[in-house]
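A structural walkthrough
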Amino acid sequence: MPRIKTFWKLLICANMFLCPAAAQRTPFHPADIALWRTVDEVRIAPNGKTTVYVESGRAQPNGAVESHLWEVSTDGRTRRPLTEGAWRDWSPRWATEAPEGDERLAYISDRAGKAQIRIRRMSNNQDLPTADLPAAPVAIAISPAGDSVAFTARVAAQESVAWAPPKILEFLRPASRGRLQLFVVPASGGAARRLTPGDLDWRGEPAWMPDGRSILCEAAAEIDPAHPMQGGAVFSVRLADGAMRQLTQSEGSDSQPTPSPDGSRIAWLSSAGRTQSYNVRHLFVMNPDGSRVKQLTGSFDRDISRPQWSSDSRTVYFVAEDAGAAHVYAGRSDGTIRPVTRAKERLRDFSLADNGRAAAIRSSATEAGDLVTFTADLPGGVTTLYAPNAELLANRNLGEVEEIHFDSAGHSVQAWLVKPPGLVASKKYPLIVDLNEIAHAMYGYEFQLRAQIFASAGFVTLLVNPRGTPGYGEQFGSILATRNPGDDSDDILHGVDAAAAKPFVDGKRVMVAGGLLAAWLLSHSDRFSSAVLRHPVADRAAEMALAPEGLRRAAAQMGALPWDDPAQYWQHSPIYFAGAFKTPTLIVAAPGDTQAHELYFALQAKKVESALVEVPAAKLSEDLALETEIAWFMR
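For every chain, the first residue of its written sequence is number 1, and the numbers climb from 1 along that sequence. For a predicted model such as this one, the threshold for reporting local features is a pLDDT of at least 70, and the threshold for listing and counting side-chain atom pairs is 80 or more; totals across whole chains, interfaces and linings nevertheless cover every residue. Side-chain calculation: all heavy atoms of the structure are included, whereas hydrogens and water are not.

**Description of the overall build of the chain**
Numbered from the N terminus, helices here are DSSP runs of H or I no shorter than four residues, and strands are runs of E no shorter than two. The number of helices and strands found in the chain is 11 helices and 36 strands. Working definition: with a 1.4 Å probe on protein chains only, accessible area under 20% of the residue-type maximum means buried, over 50% means exposed, and in between means partly exposed. Out of the 635 residues belonging to the chain, those deemed buried represent 54%. Here, two residues are considered to be in contact whenever any of their heavy atoms come within 4.5 Å of each other. Once local pairs closer than 6 in sequence are excluded, the contacts in the chain between residues at least 24 apart make up 53%. Every accessible area reported is derived by Shrake-Rupley at a probe size of 1.4 Å, with residue values counting cover from the shown protein chains alone. As displayed, the chain has an accessible area near 28200 Å², and 53% of this comes from carbon and sulfur atoms.

**Some words on the packing of aromatic side chains**
For Phe, Tyr and Trp, rings pair up if their centres lie within 6.5 Å, where Trp contributes its six-membered ring, and each pair is then called stacked (planes under 30 degrees apart), edge-to-face (over 60) or tilted (otherwise). The final tally for this structure, using the stated rule, is 16 aromatic pairs. For the ring pair tyrosine 53 and tyrosine 386, a centre distance of 5.8 Å and an interplane angle of 25 degrees mean the geometry is stacked. Highlighted residues: tyrosine 53 in strand β2 (residues 50-58) and tyrosine 386 in strand β28 (residues 383-386), separated in sequence by 333 residues. A residue is classified by how much of its surface remains accessible, and tyrosine 53, at 0% relative accessible area, is buried. Their ring planes at 15 degrees and their centres at 6.4 Å tell us that phenylalanine 350 and phenylalanine 374 sit as a pair that is stacked. Within this pair, whereas phenylalanine 350 is found in strand β25 (residues 346-352), its partner phenylalanine 374 is found in strand β27 (residues 370-375), the two being separated by 24 residues in sequence. On the accessibility criterion, phenylalanine 350 (0% relative accessible area) is buried.

**Some thoughts on the sheet that holds strand β33 (residues 505-514)**
Pairing between strands is defined by DSSP: at least two bridges between them are needed. Ordered in space as β29-β30-β32-β31-β33-β34-β35-β36, the eight strands form an open sheet in which the pairing is mixed. Taken across any chain shown, the strands that pair with only one partner, and hence form the sheet edges, are β29 (401-408) and β36 (610-614). Averaged over neighbouring strand pairs, the angle between their axes works out to 20 degrees when direction is ignored. Two elements, β29 and strand β30 (residues 411-418), share eight bridges in a ladder whose sense is antiparallel. If you follow isoleucine 404 over to β30, its bridge partner there is alanine 415. Lines fitted to the C-alpha atoms define the axes, with helices restricted to the stretch that makes contact. Angles between their N-to-C directions range from 0 to 180 degrees. Taken strand by strand, helix α11 (residues 622-633) contacts β31 (429-434), β33, β34 (530-534), β35 (585-589) and β36, and its axis lies near 155 degrees from that of β34.

**Comments concerning the packing of helix α3 (residues 449-456) against α11**
Two elements in contact, α3 and α11, have axes whose closest approach is 11 Å; the angle formed by their N-to-C orientations is 35 degrees. For the element pair α3 and α11, the recorded crossing hand is right-handed. Contacts between α3 and α11 involve Arg450, Ile453 and Phe454 on the former and, on the latter, Leu626, Glu629, Ile630 and Phe633. We call Asp, Glu, Lys and Arg charged. Ala, Val, Leu, Ile, Met, Phe, Trp, Tyr, Cys and Pro are nonpolar, and the rest, Gly among them, are polar. Looking at the contact of α3 with α11, its residues break down into five nonpolar, no polar and two charged. In a left-handed crossing the near helix is turned counterclockwise from the far helix by less than a right angle, and in a right-handed crossing that turn is clockwise.

**Structural notes on the pattern of salt bridges**
Salt bridges are defined by distance alone: a side-chain nitrogen of Lys or Arg within 4 Å of a carboxyl oxygen of Asp or Glu. As enumerated under the stated definition, the model contains 35 salt bridges in all. Between arginine 203 and glutamate 218 there is a salt bridge, and its shortest N-O distance comes to 3.8 Å. Of the two residues, arginine 203 sits in strand β13 (residues 201-208) while glutamate 218 sits in strand β14 (residues 214-220), which places them 15 residues apart along the sequence. Taking relative accessible area as the criterion, arginine 203 reaches 24% and is therefore assigned partly exposed. Shared partners join several salt bridges into a network, and the residues in it are Glu400, Glu402, Lys419 and Lys502.

**A look at empty space enclosed by the protein**
The pocket and cavity definitions rest on a 1 Å grid over protein atoms only: a 1.4 Å probe that fits but cannot leave marks a cavity, an open set with protein on both sides within 12 Å along at least five of seven lines marks a pocket, and residues lining either have an atom within 4 Å of a point. Grid points are joined across faces, edges and corners, and a volume is the space filled by probe spheres set on the points. Taken as a whole, this structure holds two cavities of 30 Å³ or more when the rule is applied. Put simply, the largest cavity is a space of about 60 Å³. In terms of lining, the largest cavity is formed by Ile117, Arg118, Ile119, Leu128, Pro129, Thr130, Ala131, Val149, Val185, Pro186, Ala187 and Gly189. Among the elements of the structure, β7 (116-121) and β11 (179-186) are those that each provide at least two residues to the lining of the largest cavity. The element best represented in the lining of the largest cavity is β7, accounting for three residues. For the lining of the largest cavity, the class distribution of residues is nine nonpolar, two polar and one charged.

**Examining α3**
For α3, a buried count of seven out of eight residues is recorded, marking the element as mostly surrounded by other parts of the structure. Two residues or fewer after α3 comes glycine 458, characterised by a positive phi angle close to 100 degrees.

**Description of the sheet that holds strand β16 (residues 244-246)**
A sheet is described by the order of its strands in space; here four strands give the open sequence β13-β14-β15-β16, paired in antiparallel fashion. Each having just a single partner strand, β13 and β16 make up the two edges of the open sheet. On average, each strand axis in the sheet is inclined to that of its neighbour by 30 degrees, with strand direction left out of account.

Structural data, given as structure tokens:
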């Protein structure tokens, strides 16, 4: 790609010549993705004095991703690595009642070539002996005293088919991957003990009751094609003998059980079992035996996550997304909800200590996933403990971010425009519509690295939250009842109109990048001058066409895809899309993607300018993929 590389060199030189005051700053480049560091899985210590987190990034020069545990004091004065090496460490979990001076931290590491549970004595920074596990741990929870670890691991299916040779079973479709089961292992090493018999699939993260005698976890039966919306329930499993008790009885899905510090109540999340594309998760509390169920967020029409109790067992704190932001809220037994944070930001991985000190990851238009701390119970400021990308941002020119709102079919839709750095008001810039193809994901106030890289290349980037996006209530999130894709694409096109009305946007040079929704737009609109279709165009179509009848009917009822009738499948295939395509299109797909090939050859037959890039997933890094997209748009 000599042309694109020459462009970046010229852009950097022009930036230094035209902006002497910012001569040390350079534009963002796709290669910056390789320099990006992420902070995840924040866990503040029970005493609130220190916070442990996972930091991930590419290891130089081989490009492999490594992740390690770090510890930072709450005052931000000291920060040190707890683990380091050519491997990955994750899932740090504190023992909440370990004696002072013998604080313990459980985590997962693949340093031995496979995932293992390790226990760190924080007093001497040494690990206890590693237990021999029956399978790779998926989710872990260390007991309050720090003497045992509960974990889930997948147990291979022991199914047989009478007619099939045993050696062919793993290739038979549909294949069963087995079920997740619940285990417990001593912290000092030894054999793991299986607690659950195998007829349920144990999902989510286990949670110990404060007395250490039982474990809470979400479990569900395998999906029945006749009842595809069947969700999970919260169970209690007694440690002594594995006796199980189902605590929740809702028709929807129950998850994230969280016992209060005094053991008198259990908080959990529950979503209704309605056959629609999106159901809000509400916060409930109950007694340890499942009685006295009470909903704490009845009129709070937002998704709840990360419930955590105050040390006095009176308040449940949680995170909820709201109109591009993600805030911490506090809920009390009388049903009142109050916001703890209010800024234009997104918080995640919220963690609460016994003294009310909290830690979380904050992202905003200018902050890229910073580790912060604040007090949940008293008003006060937020202190940044660590900014993993501060040095990189200090050396890059940031494009201004503008929030916009526009009307579509009677609904107010929120979106953001990320502008080129040093935007000249009298100049018109091409527009890229970058579509979020992740189901039930919301664009927001967080730092948008991908959009900033597009902006540095001279594009205005439009990020839209169309109907079907969470963060705006259940009605908005489940409104795609008849046309999906369709209703959401109408919102995207109205967003293009709103962006094109800006004096700095060239409405004749509008590009789109995405997957199925982008393909739908190209086959129903001539607004776009260029397009990139990432990955298989109609994967969801293929899945629905081959799915059991019950699952396809439920999907149709939810508005997920209107393909209950197999005869309609051809209308959503790449060939159907290609029939209306006029836009020059780059298709990025994995080798062997037959649908991508069908689309490409159809476009070639129609003499539509097109190209197909086939790269194995292991070799198509995010920075190379983005550089390829920009090269196509700039050709």
